[in-house]
Amino acid sequence: MAPEIVTVPCLSDNYAFLIHDPASHRTALVDVPEAAPVLAALDTRGWQLDEVWLTHHHDDHVQGLDAVLDRYSARVTGAAADSHRLPALDVQVAGGDTLDFAGHPVQVMDVPGHTLGHIAFYLEAAGAAFTADSLMALGCGRLFEGTPAQMWASLSQLRQLPGDTLICSGHEYTAGNAKFALTIDPDNPQLISRSEQITAARASGIPTVPSTLALELATNPFLRAADPDIRRRLGMNDAQDVDVFAEIRARKDAF
Ligand code: ZN
Ligand code: FE
């Protein structure tokens with residue numbers, strides 16, 4: 001049986017994710033924006049927490065960890081490169097490493113850009129990638145530390161995953177991202193219908209995360225730097241993809 005994924009809304013617009021393997025009863029948590037909703041989600045299901053995987057050092061992804069560890073002596077995994085500014089790690093990893101979760105391989109991917117030490121976790125058995133503030137629903141993380149070239153390389157790595165991969169990203173920013181995406185790619189029919197679905201989902205309080213990689217490839221402007229319509233609209237027909245990406249990122253920063 002495939003591991004089950006639960007999206008846990010935290011704070012005003014963050015997401016944590018629980019991953020539960022039904023055969024072994026093992027449970028992992030990706031990021032800890034806040035302890036209470038995570039503990040409640042575990043209690044509701046009668047799950048015990050075994051593992052915590054951290055994507056990056058920002059407070060809104062780690063600040064609930066101590067309170068979670070007061071309840072569970074879970075093993076904490078994060079990027080070796082950021083161990084100096086992450087909470088205390090039991091396991092230090094780097095891109096290319098493979099973890100084991102209840103007999104299922106978990107690929108660690110280096111996805112710098114938002115922060116330099118940002119990592120993602122790909123759990124093929126669940127068809128899910130935990131991307132936090134790298135690839136996001138209709139967006140990508142702001143470049144606080146990395147360069148456009150670094151984020152473009154990170155997104156280029158993630159886009160190689162299977163199209164039906166669930167993109168479990170770190171924030172509910174999708175409605176705002178949709179408004180911006182429509183300024184870049186206004187004639188894209190899939191983007192238009194996705195943004196209508198997003199408006200409806202948010203009006204009902206339904207998370208728009210996770211999405212699928214295929215949907216992101218069809219609608220997320222940060223993955224679509226090669227699209228001829230987008231290039232024409234930006235006046236960048238002959239530019240490199242990375243420069244088109246950088247222009248889209250700069251426009252989003254000013255949006
Ligand atoms: Zn962040
Ligand atoms: Fe964040």
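Let me sum up the structure you'll find in this document. Per chain, the residues get numbers from 1 upward, laid out in the order the sequence is written. Chains carry letters and ligands carry numbers; both start at the beginning, A for chains and 1 for ligands, and go up in the order they are written. This being a predicted model, a pLDDT of at least 70 is required before a residue's local features are given, and a value of 80 or more before pairs of side-chain atoms are given or counted; all residues contribute to the totals for chains, interfaces and linings. To get the side-chain values, all heavy atoms of the structure are used, and hydrogens and water are removed first.

**Some thoughts on the sheet that holds strand 5 (residues 75-79)**
Spatial ordering of the open sheet is given by 1-2-3-4-5-6, a layout of six strands whose pairing is mixed. Across the chains shown, the open sheet's two edge strands, defined by having one partner strand only, are strand 1 (4-10) and strand 6 (91-93). With strand direction ignored, the average angle separating the axes of adjacent strands in the sheet is 20°. With seven bridges joining them, strand 1 and strand 2 (residues 14-21) adopt antiparallel strand pairing. Its bridge partner lying in strand 2, Pro 9 is registered against Tyr 15. The criterion used for residue contact is that any of the two residues' heavy atoms lie within 4.5 Å. Fitting a line to C-alpha atoms yields each axis, with helices limited to the stretch in contact; the angle taken between N-to-C directions then spans 0 to 180 degrees. A helix here means a DSSP run of H or I that spans at least four residues, while a strand means a run of E at least two residues long, and both kinds are numbered starting from the N terminus. Contacting strand 1, strand 2 and strand 3 (26-30), helix 1 (residues 35-45) runs over the sheet at an angle of about 140° to strand 1. Note on pairing: two strands pair once DSSP finds at least 2 bridges between them.

**So, empty space enclosed by the protein**
With a 1 Å grid laid over protein atoms only, a set of points is called a cavity when a 1.4 Å probe fits there but cannot get out and a pocket when it is open yet has protein on both sides within 12 Å along at least five of seven lines; lining residues have an atom within 4 Å of a point. Grid points are joined across faces, edges and corners, and a volume is the space filled by probe spheres set on the points. Counted by the stated rule, this structure contains one cavity of 30 Å³ or more. Here the largest cavity defines a volume of roughly 30 Å³. What lines the largest cavity is simply Tyr 15, Phe 17, Val 30, Asp 31, Thr 55, Phe 130, Thr 131, Ala 132, Cys 168, Ser 169 and Gly 170. Those elements that provide at least two residues to the lining of the largest cavity are strand 2, strand 10 (128-132) and strand 13 (166-169).

**Focus on the coordination of the iron ion (ligand 2)**
Donor atoms from the polypeptide that bind the iron ion (ligand 2) are Asp 60 (OD), His 61 (NE2), Asp 133 (OD) and His 171 (NE2), placed at 2.0 to 2.5 Å. Metal-centred angles of 84 to 170° between the four donor atoms at the iron ion (ligand 2) mark the site as irregular. Each donor residue of the iron ion (ligand 2) belongs to the same chain, with the gaps between them written as D-H-x71-D-x37-H. Between the two metals, the iron ion (ligand 2) and the zinc ion (ligand 1), the spacing is 3.1 Å, and Asp 133 donates to both. With Asp 133 in the loop between strand 10 and strand 11 (135-136) and His 171 in the loop between strand 13 and helix 5 (174-184), this pair connects stretches of sequence that are 38 residues apart. You can call Asp 133 buried: its relative accessible area is 3%. A residue is classified by how much of its surface remains accessible, and His 171, at 3% relative accessible area, is buried. The donor set comprises N, O and S atoms within 2.8 Å of the metal, extended to 3.2 Å for Na, K and Ca; water molecules are omitted, so apparent gaps in a site may simply reflect that omission. Note on geometry labels: four donors, all angles 85 to 135 degrees, give tetrahedral; four donors become square planar and six octahedral when opposite donors are over 155 degrees apart and every other angle is between 65 and 115; remaining cases are irregular. Remark: exposure states derive from per-residue accessible area (1.4 Å probe, protein chains only) relative to the maximum for the residue type, with buried under 20%, exposed over 50%, and partly exposed in between.

**Some remarks on helix 1**
Taken residue by residue, helix 1 has Ala 35, Val 38, Leu 39, Ala 41 and Leu 42 as its buried positions. The buried residues of helix 1 occupy one face: seen down the axis, they fall within an arc of 160°. Set apart from the buried face of helix 1 by more than 90 degrees, the exposed residues are Ala 36 and Thr 44. On its buried face, helix 1 sits against strand 1, strand 2, strand 3 and helix 3 (65-71). Just beyond helix 1, the residue with positive phi is Gly 46, at close to 70°. Think of the arc as the fan of directions from the helix axis to the C-beta atoms.

**Thoughts on the packing of aromatic side chains**
When the centres of two rings from Phe, Tyr and Trp lie within 6.5 Å, Trp using its six-membered ring, the rings pair. Their planes under 30 degrees apart give stacked, over 60 give edge-to-face, and anything left gives tilted. Tallying each qualifying case throughout the model produces eight aromatic pairs. Ring plane angle 35° and centroid distance 5.6 Å describe the contact between Trp 152 and Phe 245, whose orientation is recorded as tilted. Residue Trp 152 is found in helix 4 (residues 148-158), and its partner Phe 245 is found in helix 9 (residues 241-253); the two are separated by 93 residues along the sequence. Judged on exposure class, the residue Trp 152 and its partner Phe 245 are both buried. Among the aromatic residues, those joined into a ring-pair cluster are Trp 152, Phe 180, Phe 222, Phe 245 and Phe 255. Whether a charge lies above a ring is judged from NZ of Lys or CZ of Arg, which has to be within 6 Å of the ring centre and within 35 degrees of the ring normal. Note that Arg 45 overlies the ring of Trp 47, its terminal NZ or CZ placed 5.6 Å from the centroid.

**Topic: the pattern of salt bridges**
One side-chain nitrogen of Lys or Arg within 4 Å of one carboxyl oxygen of Asp or Glu is enough to make a salt bridge. Scanning the model with the defined rule gives 15 salt bridges in all. The salt bridge involving Glu 51 is made with Arg 75; its shortest N-O contact spans 2.7 Å. One end of the pair, Glu 51, is in strand 4 (residues 51-53); the other, Arg 75, is in strand 5, with 24 residues separating them in the sequence. For Glu 51, a relative accessible area of 3% puts it in the buried group. Residue Arg 75 is classed as partly exposed on the basis of its relative accessible area of 38%. With a shortest N-O distance of 2.8 Å, Arg 85 and Glu 145 are connected by a salt bridge. Within this pair, whereas Arg 85 is found in the loop between strand 5 and strand 6, its partner Glu 145 is found in the loop between strand 12 (139-140) and helix 4, the two being separated by 60 residues in sequence. When its relative accessible area of 29% is taken as the criterion, Arg 85 is described as partly exposed. The structure contains a network of salt bridges with shared partners spanning Arg 26, Glu 51 and Arg 75.

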